[in-house]
Protein chains: 2
Amino acid sequence: MKVYAPATIANFGPGFDVFGMAIEKPGDEVVVKECDNFRIEVIGHKVPADGSNVAVVAAKALFKLLGEEGGVYMKLKKGIRPKSGLGSSGASSLAGAVAAAKVLGVEDDELIIRAALEGERAASGSPHGDNVIPSYYGGFTIIESISPLRVHRIDVELKVAVVLPEVEVPTSEARKVLPEKVPLKDAVKNLAMASSLVLALREEDIETIGRLLDDRLALPYRKKLMPWFDKVREAALNAGAYGVTVSGSGPAMFAVGENLREVAKAMGEAFEEMGIRAEYWVTKTGRGAKWF
Amino acid sequence: MKVYAPATIANFGPGFDVFGMAIEKPGDEVVVKECDNFRIEVIGHKVPADGSNVAVVAAKALFKLLGEEGGVYMKLKKGIRPKSGLGSSGASSLAGAVAAAKVLGVEDDELIIRAALEGERAASGSPHGDNVIPSYYGGFTIIESISPLRVHRIDVELKVAVVLPEVEVPTSEARKVLPEKVPLKDAVKNLAMASSLVLALREEDIETIGRLLDDRLALPYRKKLMPWFDKVREAALNAGAYGVTVSGSGPAMFAVGENLREVAKAMGEAFEEMGIRAEYWVTKTGRGAKWF
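Rules used in this analysis
In every chain, residue numbers begin from 1 and rise along the written sequence. To label them, take the chains in the order written and letter them from A, then take the ligands in the order written and number them from 1. Local features in this predicted model are restricted to residues whose pLDDT is 70 or higher, and side-chain atom pairs enter the listing and the counts only when it is 80 or higher, whereas totals over whole chains, interfaces and linings include all residues. Only heavy atoms go into the side-chain values, all of them from the structure, while hydrogens and water stay out. The contact criterion used throughout is that any non-hydrogen atoms of two residues lie within 4.5 Å. Accessible-area loss on putting two parts together, using a 1.4 Å probe and summing over both, is the definition of buried area adopted here. When a carboxyl oxygen of Asp or Glu lies within 4 Å of a side-chain nitrogen of Lys or Arg, that pair is called a salt bridge. Contacts described as polar in this section are N or O atom pairs within 3.5 Å, which, within protein, must combine one atom able to donate a hydrogen with one able to accept it, while residues neighboring in sequence count only if both atoms come from side chains. For helices the rule is a DSSP run of H or I covering at least 4 residues; for strands it is a run of E covering at least 2, with both sets numbered from the N terminus onward. Between the first and last residue of a helix there are one fewer steps than residues, each counted as 1.5 Å, and that sum is the expected span. Exposure is judged per residue with a 1.4 Å probe applied to protein chains only, and the accessible area is read against the type maximum: over 50% gives exposed, under 20% gives buried, and values in between give partly exposed. UniProt positions are given in the numbering used here, feature names are shortened, and annotations may be inferred rather than shown by experiment. For every domain, the bounds stem from an assignment made automatically or drawn from a database. The pairing criterion for strands is at least two bridges between them, as found by DSSP. All axes are obtained by fitting lines to C-alpha atoms, using only the stretch in contact for helices, and the reported angles, taken between N-to-C directions, cover 0 to 180 degrees. An angle below 35 degrees is treated as roughly parallel, one above 145 as roughly antiparallel, one from 65 to 115 as roughly perpendicular, and anything else as oblique. Left-handed is the label given to a crossing in which the near helix is rotated counterclockwise from the far helix by less than a right angle, and right-handed is the label when the rotation is clockwise. Nonpolar cores were defined as sets of buried Ala, Val, Leu, Ile, Met, Phe, Trp, Tyr and Cys residues, with membership established by side-chain atoms within 4.5 Å.

Novice: Sorry if this is basic, but what is going on with the interface of chain B and chain A here?
Specialist: Accessible area lost upon the coming together of the parts is a frequently used measure of interface size. Each partner contributes residues to the interface: chain B has 37 residues there, and chain A has 37 residues. Taken over both partners, the interface formed by chain B and chain A buries close to 3,000 Å², and the fraction arising from carbon and sulfur atoms is 69%. Scanning the region where chain B abuts chain A turns up four salt bridges. The salt bridge involving B:Glu203 is made with A:Arg202; its shortest N-O contact spans 3.0 Å. Counting across the interface, chain B meets chain A through nine residue pairs in polar contact (both at pLDDT 80 or more). Elements with a contribution of two residues or more to the side of chain B that touches chain A: β5 (140–145), β6 (150–154), β8 (181–183), α6 (184–202) and α7 (206–211) of chain B.

Novice: What exactly am I supposed to notice about helix α1 (residues 54–66) of chain B here?
Specialist: All names here are of chain B. If you check α1, its first and last C-alpha atoms are 18 Å apart, about what 13 residues at 1.5 Å a residue would give, namely 18 Å. Every buried residue of α1 is accounted for by Val54, Ala55, Val56, Val57, Ala58, Ala59, Ala61, Leu62 and Phe63. Here the buried face of α1 lies against β3 (39–44), β4 (71–78), α2 (88–104) and α3 (109–124). The N-capping residue of α1, defined by a side-chain oxygen 2.8 Å from the backbone nitrogen of alanine 55, is asparagine 53.

Novice: I'm lost on the UniProt feature "domain: GHMP kinase C-terminal" (unreviewed entry) in chain A in this one. Help?
Specialist: Here the UniProt feature "domain: GHMP kinase C-terminal" (unreviewed entry) sits at residues 200–270 of chain A. As a span, residues 200–270 of chain A carries 48% helix and 15% strand, and end to end its C-alpha atoms are 29 Å apart.

Novice: How should the domain arrangement of chain A be read in this particular structure?
Specialist: All names here are of chain A. Taken domain by domain, chain A holds domain 1 (2–153) and domain 2 (159–280). Relative to domain 2, the C-alpha centre of domain 1 lies at a distance of 24 Å. Facing the 22 residues of domain 1 at the interface are 33 residues of domain 2. Overall, the association of domain 1 and domain 2 removes approximately 2,100 Å² of surface from exposure, summing both partners, and the carbon and sulfur fraction of that is 68%. Counting every contact that joins domain 1 to domain 2 gives one salt bridge. Note that arginine 175 is salt-bridged to aspartate 17, the shortest N-O span being 2.9 Å. For the pair domain 1 and domain 2, the number of links is nine residue pairs in polar contact (both at pLDDT 80 or more).

Novice: Before we go on, may I ask you to explain the sheet that holds strand β9 (residues 241–246) of chain B in this structure?
Specialist: Note on sheets: strands pair through backbone hydrogen bonds, and any given pair is parallel or antiparallel. Residues and elements named next belong to chain B. Overall, antiparallel pairing links the four strands, which are arranged β9-β10-β7-β11 in an open sheet. Looking at which strands have only one partner, the edges of the open sheet turn out to be β9 and β11 (278–284). Shown here is a sheet whose adjacent strand axes are inclined to one another by a mean of 20°, direction ignored. Of the pairings in the sheet, the one linking strand β7 (residues 159–165) to strand β10 (residues 253–257) comprises three bridges and is antiparallel in character. Each residue of the ladder has a partner; that of valine 163, found in β10, is methionine 253. Strands β7, β9 and β10 of the sheet are contacted by helix α9 (residues 229–238), whose axis makes an angle of about 160° with β9. Helix α10 (residues 260–273) rests against β7, β9, β10 and β11 of the sheet, and its axis sits at about 15° to β7.

Novice: Just to check I follow, could you spell out the pairing of strand β9 (residues 241–246) of chain A for this structure?
Specialist: Side chains on a regular strand alternate between the two faces of the sheet. Across the six residues that make up β9(A), a large majority, five, are buried. Hairpin connection from β9(A) to strand β10 (residues 253–257) of chain A: six residues lie between these consecutive antiparallel strands, with A:Gly248 at a positive phi of about 60°.

Novice: Help me understand the packing of α1(B) against α3(B), please; the structure alone is not making it clear to me.
Specialist: When two helices pack together, their arrangement is captured by the angle between the axes and the distance separating the axes. Residue and element names in this part refer to chain B. Relative to each other, α1 and α3 sit at 135°, their axes nearing to 8 Å. With respect to α3, the element α1 is oriented oblique. In the packing of α1 onto α3, the handedness of the crossing is right-handed. Across the interface between the two elements, Val54, Val57, Ala58, Ala61, Leu62, Leu65 and Leu66 from α1 touch Leu111, Ile112, Arg114, Ala115, Ala116, Glu118, Gly119, Ala122 and Ala123 from α3.

Novice: What am I meant to see in the nonpolar core here?
Specialist: Membership of the largest hydrophobic core comes to 157 residues, with the highest contact counts inside it found for A:Phe12, A:Met74, B:Phe12 and B:Met74. In contact with B:Phe12, not counting residues within four places along its chain, are B:Phe19, B:Met21, B:Phe140, B:Leu158, B:Leu197, B:Leu213 and B:Phe254.

Novice: Please clarify how the UniProt feature "binding site: ATP" (unreviewed entry) in chain A should be interpreted in this entry.
Specialist: Residue and element names in this part refer to chain A. If you check UniProt for "binding site: ATP" (unreviewed entry), the listed places come out as Arg81, Pro82, Lys83, Ser84, Gly85, Leu86, Gly87, Ser88, Ser89, Gly90 and Ala91 in our numbering. Among the structural elements, glycine 85 can be located in the loop between β4 (71–78) and α2 (88–104). Look past the residues within four positions of glycine 85 in its chain and what remains in contact with it is Thr8, Ser247, Gly248, Ser249, Gly250 and Pro251. Residue classification places glycine 87 among the buried residues on the basis of a relative accessible area of 9%.

Structure (structure tokens):
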């Protein structure tokens, strides 16, 4: 059996730790077989091929949650670059959890997600759900709460330009720079932007969506880890983007607008000008994880 | 000419300073005539009948914004009790601004609202828009930004049980107890609840709306000014409410649910048991200000 889990844009503008969107490409794929222990083989992007791989962590977590013995053998085709800001560990964790679920015959969403979050915890120290959850359900997701699991989904079709530079912003570092407390006025501003963004997404009003791709909760603190941010943002806006911001905790960035091929190219070139190689592409809201 | 401005439920659950909803009753009414200075007469609830009345402050502000000479004579029928938490100063400010706009032939929403906010500033020290704006537009409003004025409106029809006890929580006091900084996790929780509430309102899913009537940004600090809060909330939930919280900065509270007459009565009785007289009624989302 094969499981596919898509990359995701977490944080998504003002929706820190709450909003996430699955995208069509890239994604991680796992071929899974029942086995008496947990083994993994990896092709594609380089990640550990042992028990520290988050797909294994998540698969083990599901077995443990259910009190099951045994294991799975997984062949992971790693399509999402690790530490890209595109939900690489979330997709692998989810693929591992879904793979284990298929072997065990489990269909409980909450259990699968809970197991996948253990993979996220291993990857970043924090079991945040804003990659795992959109990767599972597809579309744009709002996490009302993790426990109990309450997720709302917006079935939008939104095109995005994505740029991924050959630099890294480790998720754990990106968490460390966040303060414990934030100004109340910033909390209110994000709340206003996030609530407005929900309506704009429902109406597929890309101009308003673009305008609302901002954040006062995490971005102001994380920008110091991304000295290229302002230049790339400016290049995207100059190329006609309605809005642009970081994907997850970076370094990937994404933009919304009309001429997204040009916007993507402009962002890629802005990185190149700073001596940083970068891939760029245009994609759109993706479906959730699938198995066949 | 006559102007009517409805009462409003500001803050509305997790939407501190951002969400507001007009309700059908009560409201303030102003009969206006052109005049060479600013004069006011008041009937109904007791408020100043001089230049310190927020309707006069707002009317004057509009004249000033436009560089106009002259004034208005207003007869204010004050239907909303001051310091009730139901947008009393917001409705009077808006009625004053709209009255002046009608006399001057002004139709610019942003100017009218800006003038009304001056009334709010005089009343509470802070020109917050979450009463003035729903009182003007009606329905449920989300303030994306005040300057420039960007408001989103949800055309929901939501029934609410309202209770108004004979105690006061002055708005300025309610602002003073708020901290300058709040825990990031509380900001994220409110963002999650507020974004989810927007979808629930769009879908008129009153069970989810009720569940989301909570707040981590202001309520935890303001509850100490409302020692009755937990008892009244419990009474409403026991009577079958899906959710209940404070309206504006209180003392009014409102609940969402099915048997709202019983819920309203239960809240009223809970106050009476604490020796506080209270009015209660059932109303629903109202239209915005009107003139005839």
